[in-house]
Amino acid sequence: MNGYYRFPALHRDVLVFVCEDDLWTVPSAGGLARRLTSGRGESSRPALSPDGSLLAFTGREEGVSEVTVMPAAGGEPRRLTFLGGLSRVVGWTPDGREIVFATQARSAFPGISELFAVPAAGGEPRALGLGPADDLCASPDGLRVLGRNRRDPAFWKRYRGGTAGELWADPRGKGEFKPLIRTGGNLAWPMLAAGRVFFVSDHEGVGNLYSCLPSGRDLRRGTRHQEFYVRNPSSDGERIAYQLGAELRIFDPADESDRAVAVDLRSPRTQRARRFVSADRHLEDWEPRPDGGALALVYRGKLATMGNWEGPAVSHGAPDGVRYRLARWLGDGERLVVVSDEGGEERLEVRPVSPASAKKIERLEGIAFGRAVTLTVSPAADRVLLTNHRNELLCVDLAKKTSTRVDRSAHGPLRGVAWSPDGRWAAYSIHVSPTLCAIRLWDSETGKTHDATKPVLRDVGPSFDPDGKYLYFLSYREFDPVYDGLQFELGFPRGVRPYLIALRKDLPSPFVPTPRPMKASEPKKGGQEAKTGKPAPVAIDLDGIADRVAAFPVPEGRYQRVLGLKGKVLFSVLPVKGSLSRDIFSTVPAAEATLSSYDLESRETKVVLDRITDFDLSRDGSALAVQAGLGLRVVPSGEPVDRAKDAEGFGRKSGLVDLARARASLDPAAEWRQMCADAWRLQRDLFWNPGLKAPDWRAVYRRYEPLLERVATR
């Protein structure tokens, strides 16, 4: 059995490496591997002491990565540091008494590490006083080589920016560091072996081992690999062990030999075993059915539909190896349109939700759109508006299986798309310059586009009034600067407000009071919508439309979204909070926004619900769906939300939806294959500069795909 081998540590004839998040040992000549750790947390970056008796490594047995030590032959690990930050073992001091490690625990900024040393016998860590640094190697005679800005060059191949890795040398150990060598590449992992300083550089295209004298002179190339980068090397002072692809290799500077280490791994590979996941832990996307009675869910790439509180959750699509995104209900509430990568490329699929109609699935192979970003279904026909990574707006006719390009921006992504209630018009936000976004209208009958706003900065997130009277949007054009509390400067922490456009010339502003009777008149019955069941045509007077923009009489803020409800407008706004209060590593969306409604009749603003993440309305406007973190709630759209009912649990009274009802099996190996293909497509489709010579993407995939069978951990 072959595993995916990483982080080798070498001492004479002993080689320690990482596989399946545990430490293993094997003779440096190759042979049967023996597992050294079997913990709950990840073990990585081993380093053998100079005498080979102890093994230091980065352990996560108790959550945060800390320095851990154990006997090299095997035994009970001991945690040495308790810093509570990201720490990483670098190596040992030459006398073997202390373990050198890099940590971000005392840094004010993420990604900035400092070097410390902790006694192997236990005790308080001491700062080495070398400033921001990531790597350090030292010899008994005082030579020290420091690595700064070090990241694995394979993470950012051929990076040449201002934070590329650097090597600094202190030849006599007196703290007088100076640049060791500059190759024009990204330098990483300084090591001492055979009287020379070895390191990894990719200045000749692919990361390989190079060396120079401690003076920085006599640059030599050690390895000559052309496909995979040399990664995670370490040295015992004589030879260098490193990772190449999924293999381990040893380079001997004495004769410049370079050989693979044959590892015989025997493992049950338990992390590849099937398990089950549910939507309450992995919710990605959702949409209420047009009548509000059910939900379409996407969770961990799985697709499901279920009633809000009754009935089973029904899974749709392939059980494993396929990712589904952007599931949207079609107008009949009996079919979904969804983006699927089954077959290797993303395509649209139309899927009936009834299991009895599973054979009627239509995959629109003839319509290639690259990477889909948003998907918006027409309320009047089987048509969708799709935005993609090329900043295009496409109209796809699902019945005719045709696609029309509506518009494209050369400056940035589209920032919101909406259909008019009658399905004729589309409103969208488009970058007209790198800094300006305007709201634009598309007439699907004539195929013409029209600017609806004259942007000051960015007009985004359009939404139509259900009666076809107004077009709502958010605009970044509120200039009310706030003085900084610590420095003499001004900023704009809010700057956004909801706006509307009167679509007809004869419509007065809803924000200007007009005389009205004491008792509201009964609405008239009949009309085209009542007779035909279809919404009345939306009339838009294009002349002077950009001059009919009016701001909502609400305070400026950090508004997220605005949606029209009959007689009301809903919008969510985020508080102004410090960046340090955010957990940048959390996978659960923050629930910090407040949902409010503005009544167009009474001109009053009321809070609907606080502590939310996002919200949406069913297409008929009857149901309001609200996301808070990874949870969903569905309530009647015109009624207040009472949090006191949450104590009653899931159900109609509280509106809380039990997402744990939606469960699916997960085959990790199949998911990893999908992830690899997805990452490959993203690199291919989003290659940052078309002026550069693009690689042979198919060859790139063929290079990495075989490694998947060796991977056994997330």
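Every value quoted in this text rests on a predicted model; they were computed, and no experiment measured them. (Residues numbered from 1 in each chain as written. Predicted model: local features only at pLDDT ≥ 70, side-chain atom pairs only at ≥ 80, totals over all residues. Heavy atoms only, no water.)

Quick notes on the packing of helix α3 (residues 668-685) against helix α4 (residues 697-704)
Okay, step 1: In the contact formed by α3 and α4, the axes pass within 11 Å of each other and the chain directions differ by 155 degrees. Our classification of the angle between α3 and α4 gives roughly antiparallel. α4 is crossed by α3, and the crossing has right-handed handedness. Contacts from Cys676, Ala677, Trp680, Gln683 and Arg684 in α3 reach Trp697, Arg698, Val700 and Tyr701 in α4.
Okay, step 2: The residue inventory of the contact of α3 with α4, partitioned by class, reads six nonpolar, one polar and two charged. (Axes fitted to C-alpha atoms, helices over the stretch in contact; angles between N-to-C directions. Helix = DSSP H or I, 4+ residues; strand = E, 2+ residues; numbered from the N terminus. Parallel < 35°, antiparallel > 145°, perpendicular 65-115°, else oblique. Left-handed = near helix turned anticlockwise from the far one by under 90°. Contact = heavy atoms within 4.5 Å. Nonpolar A, V, L, I, M, F, W, Y, C, P; charged D, E, K, R; others polar.)

Some thoughts on the sheet that holds strand β37 (residues 383-388)
Backbone-to-backbone hydrogen bonds pair the strands of a sheet. The strands run either parallel or antiparallel.
Okay, step 1: Taken in spatial order, the four strands of this open sheet run β36-β37-β38-β39, and their pairing is antiparallel. Looking at which strands have only one partner, the edges of the open sheet turn out to be β36 (372-377) and β39 (402-408). This sheet shows a mean twist of 25 degrees between the axes of neighbouring strands, independent of strand direction.
Okay, step 2: Here five bridges tie β37 to strand β38 (residues 392-397), and the two strands are oriented antiparallel to one another. Considered in β38, the bridge of Thr387 is made with Leu393. (Pairing = 2+ DSSP bridges.)

Let's talk about the pairing of strand β33 (residues 335-340)
Okay, step 1: Burial runs high along β33: five of the six residues are buried.
Okay, step 2: The pairing of strand β32 (residues 324-329) with β33 spans four bridges and is classified as antiparallel. Bridge assignment links Trp329 to a residue of β33, and that residue is Leu336.
Okay, step 3: Where β32 folds back onto β33 in an antiparallel hairpin, the turn is made up of five residues, including Gly333, whose phi is positive at roughly 70 degrees.
Okay, step 4: The sheet contact formed by β33 and strand β34 (residues 347-352) spans six bridges and is antiparallel. Residue pairing in the sheet places Ser340 in a bridge with Arg347 of β34. (Buried < 20%, exposed > 50% of the residue type's maximum accessible area, 1.4 Å probe, protein only.)

Looking at the side chain of Thr58
Okay, step 1: Tracing the backbone through its elements, the reader meets Thr58 in strand β7 (residues 54-59).
Okay, step 2: Residue Thr58 is classed as buried on the basis of its relative accessible area of 4%.
Okay, step 3: A polar contact of 2.9 Å, which involves the side chain of Thr58, links it to the backbone nitrogen of Val89.
Okay, step 4: Setting aside residues no more than four positions away along its own chain, Thr58 makes contact with Glu42, Ser43, Ser44, Arg45, Ser65, Glu66, Ser87, Arg88 and Val89. (Polar contact = N/O pair within 3.5 Å; in protein donor to acceptor, adjacent residues only side chain to side chain.)

Digging into a positive patch on the surface
Okay, step 1: A surface patch of positive charge is lined by Arg172, Lys174, Lys178 and Arg217.
Okay, step 2: Relative accessible area serves as the criterion here: at 61%, Lys174 is assigned to the exposed category. (Patch = residues over 30% accessible without salt bridge, like charges linked within 9 Å, V, L, I, M, F, W, Y side chains within 5 Å. Areas by Shrake-Rupley, 256 points an atom, 1.4 Å probe, with all protein chains shown as cover. Salt bridge = Lys/Arg side-chain N within 4 Å of Asp/Glu carboxyl O. Lys, Arg positive; Asp, Glu negative; His and termini not counted. Charge placed at Lys NZ, Arg CZ, Asp CG, Glu CD.)

Some thoughts on the sheet that holds strand β19 (residues 196-201)
Okay, step 1: Spatial strand order, β18-β19-β20-β21: four strands in an open sheet with antiparallel pairing. Every other strand in the sheet has two partners, leaving β18 (188-193) and β21 (220-221) as the edge strands with one partner each.
Okay, step 2: The pairing of strand β20 (residues 208-212) with β21 spans two bridges and is antiparallel. Residue pairing in the sheet places Ser211 in a bridge with Arg220 of β21.

A closer look at α3
Okay, step 1: Taking 1.5 Å of rise per residue, 18 residues should cover 26 Å, and α3 covers 25 Å from first to last C-alpha, within 8% of that figure.
Okay, step 2: For α3, the set of buried residues is Pro668, Ala669, Ala670, Glu671, Trp672, Gln674, Cys676, Ala677, Asp678, Trp680 and Arg681.
Okay, step 3: Packing partners of the buried residues in α3 comprise β27 (275-278), β58 (663-666) and α4.
Okay, step 4: With a side-chain oxygen positioned 3.2 Å from the backbone nitrogen of Ala669, the residue opening α3 is Asp667. (Expected span 1.5 Å × (residues − 1).)

Side note on unusual backbone geometry
Trans is the prevailing form of peptide bonds, just as negative phi is the prevailing case for residues other than glycine.
Okay, step 1: One non-glycine residue with positive phi stands out, namely Arg158, at about 60 degrees.
Okay, step 2: Structurally, Arg158 can be placed in the loop between β15 (144-148) and β16 (166-170).
Okay, step 3: Not every positive phi belongs to a glycine, and Trp189 is a case in point at roughly 55 degrees.
Okay, step 4: Within the secondary structure, Trp189 is located in strand β18.
Okay, step 5: Of the residues examined, Trp189 reaches a relative accessible area of 6% and is grouped as buried.

Notes on the environment of Thr270
Okay, step 1: Position of Thr270 relative to the elements: it lies in the loop between β26 (263-264) and β27.
Okay, step 2: A relative accessible area of 55% means that Thr270 is categorised as exposed.
Okay, step 3: When the C-alpha atoms of Thr270 and Asn232 are compared, they prove to be 25 Å apart, with 38 residues separating the residues in sequence.

Regarding the side chain of Asp134
Okay, step 1: Residue position: Asp134 is located in the loop between β13 (126-132) and β14 (135-138).
Okay, step 2: Separated by 3.0 Å, the side chain of Asp134 and the backbone nitrogen of Arg150 make a polar contact.
Okay, step 3: Setting aside residues up to four positions removed in sequence, Asp134 forms contacts with Arg88, Val90, Ala102, Ser113, Leu115, Gly147, Arg148, Asn149 and Arg150.

A closer look at the pairing of strand β1 (residues 6-11)
Okay, step 1: Buried residues dominate β1, accounting for five of its six residues.
Okay, step 2: Across four bridges, the pairing between β1 and strand β2 (residues 14-19) is antiparallel. Its bridge partner lying in β2, Leu10 is registered against Leu15.
Okay, step 3: In sequence, β1 turns back onto β2 through a hairpin of two residues, with Arg12 there showing a positive phi of about 55 degrees.

A short note on the packing of aromatic side chains
Two measures describe an aromatic ring pair: the distance that separates the ring centres and the angle between the ring planes.
Okay, step 1: For the structure shown, the criterion picks out 17 aromatic pairs.
Okay, step 2: Relative to Phe17, the ring of Tyr5 has its centre 5.2 Å away and its plane inclined at 75 degrees; by these criteria the two rings are edge-to-face. Residue Tyr5 is located in the segment before β1, and its partner Phe17 is located in strand β2; the two are separated by 12 residues in the primary sequence.
Okay, step 3: Between Phe687 and Trp697, the aromatic rings sit 5.6 Å apart at their centres with planes inclined by 80 degrees, giving edge-to-face as the arrangement. Placement of Phe687 in the loop between α3 and α4 and of Trp697 in helix α4 is noted, with a sequence separation of 10 residues between them.
Okay, step 4: The class of Trp697 is buried, set by a relative accessible area of 15%. (Phe/Tyr/Trp six-rings, centres within 6.5 Å; stacked < 30°, edge-to-face > 60°.)

By themselves, these observations are geometric and do not establish any function.
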